[in-house]
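The residues making up each chain are set out below.
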Amino acid sequence: MFEAFTKKYSSSPYWPLAQFWLGNVQYGLKNYKEAMTTLQALIKKYPLHGRIPDAMLTLGNSQLEAGQKAAAKKTLETLIAKYPESEAANLAKATVKTIKIEKK
């Protein structure tokens, strides 16, 4: 239903929240690539929305689950830098510490 809403009502003031929850549902269903696309669209279209720190956390976790460790680390570090006082940043700090990137 979130997906249908975001397509039908793209100019609605509720679009950012529907997009946020759509990305979280996709993440929960382990559709990580779809979640990344959904959350990146939200972040790009509404960079100042109050849910952006949480969206960035889910985006970073999606990237991590999809095997994109470097991208995940960058996303989470950006989250920490931009929103240091947020709960999402606190969770991101713990995750960043666990990311091991192999050098080629």
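Residues numbered from 1 in each chain as written. Predicted model: local features only at pLDDT ≥ 70, side-chain atom pairs only at ≥ 80, totals over all residues. Heavy atoms only, no water.

Residues Phe2, Tyr14, Leu17, Trp21, Val25 and Leu29 make up a contiguous nonpolar surface patch of roughly 590 Å² in combined accessible area. No other element matches the three residues that helix H2 (residues 15-28) contributes to the nonpolar patch. Take Phe2: it is sitting in helix H1 (residues 2-8). The partly exposed category is assigned to Phe2, whose relative accessible area is 38%. (Patch = residues over 30% accessible without salt bridge, like charges linked within 9 Å, V, L, I, M, F, W, Y side chains within 5 Å. Areas by Shrake-Rupley, 256 points an atom, 1.4 Å probe, with all protein chains shown as cover. Salt bridge = Lys/Arg side-chain N within 4 Å of Asp/Glu carboxyl O. Helix = DSSP H or I, 4+ residues; strand = E, 2+ residues; numbered from the N terminus. Buried < 20%, exposed > 50% of the residue type's maximum accessible area, 1.4 Å probe, protein only.)

The biggest cluster of nonpolar side chains holds 19 residues, and the ones touching the most others in it are Leu42, Ala55, Leu57, Leu76, Leu79, Ile80 and Ala92. Put simply, the parts of the chain that give this core at least two residues each are H2, helix H3 (32-45), helix H4 (52-65), helix H5 (69-82) and helix H6 (87-98). With five residues, the top contributor of residues to this core is H4. Look past the residues within four positions of Leu76 in its chain and what remains in contact with it is Met56, Leu57, Gly60, Ala92, Thr95, Val96 and Ile99. (Core = buried A, V, L, I, M, F, W, Y, C linked by side-chain atoms within 4.5 Å. Contact = heavy atoms within 4.5 Å.)

Turning our attention to the packing of H2 against H4. Packing of H2 against H4 leaves a shortest axis separation of 10 Å and a crossing angle of 25 degrees. On the basis of the axis angle, H2 is roughly parallel to H4. As for how H2 packs across H4, the hand of that crossing is left-handed. Contact residues: Phe20, Gly23, Asn24 and Tyr27 in H2; Asp54, Ala55, Thr58, Asn61, Ser62 and Glu65 in H4. Across the contact of H2 with H4, the residue classes tally to three nonpolar, five polar and two charged. (Axes fitted to C-alpha atoms, helices over the stretch in contact; angles between N-to-C directions. Parallel < 35°, antiparallel > 145°, perpendicular 65-115°, else oblique. Left-handed = near helix turned anticlockwise from the far one by under 90°. Nonpolar A, V, L, I, M, F, W, Y, C, P; charged D, E, K, R; others polar.)

Further remarks concern H4. Counted at 1.5 Å a residue, the expected span for H4 with its 14 residues is 20 Å, and the 20 Å between its end C-alpha atoms agrees. Judged by how many residues are buried, H4 sits mostly within the fold: eleven of 14 residues are covered. If you follow the buried residues of H4, they end up packed against H2, H3, H5 and H6. Of the residues one or two after H4, Gly67 is the one with positive phi, at around 85 degrees. (Expected span 1.5 Å × (residues − 1).)

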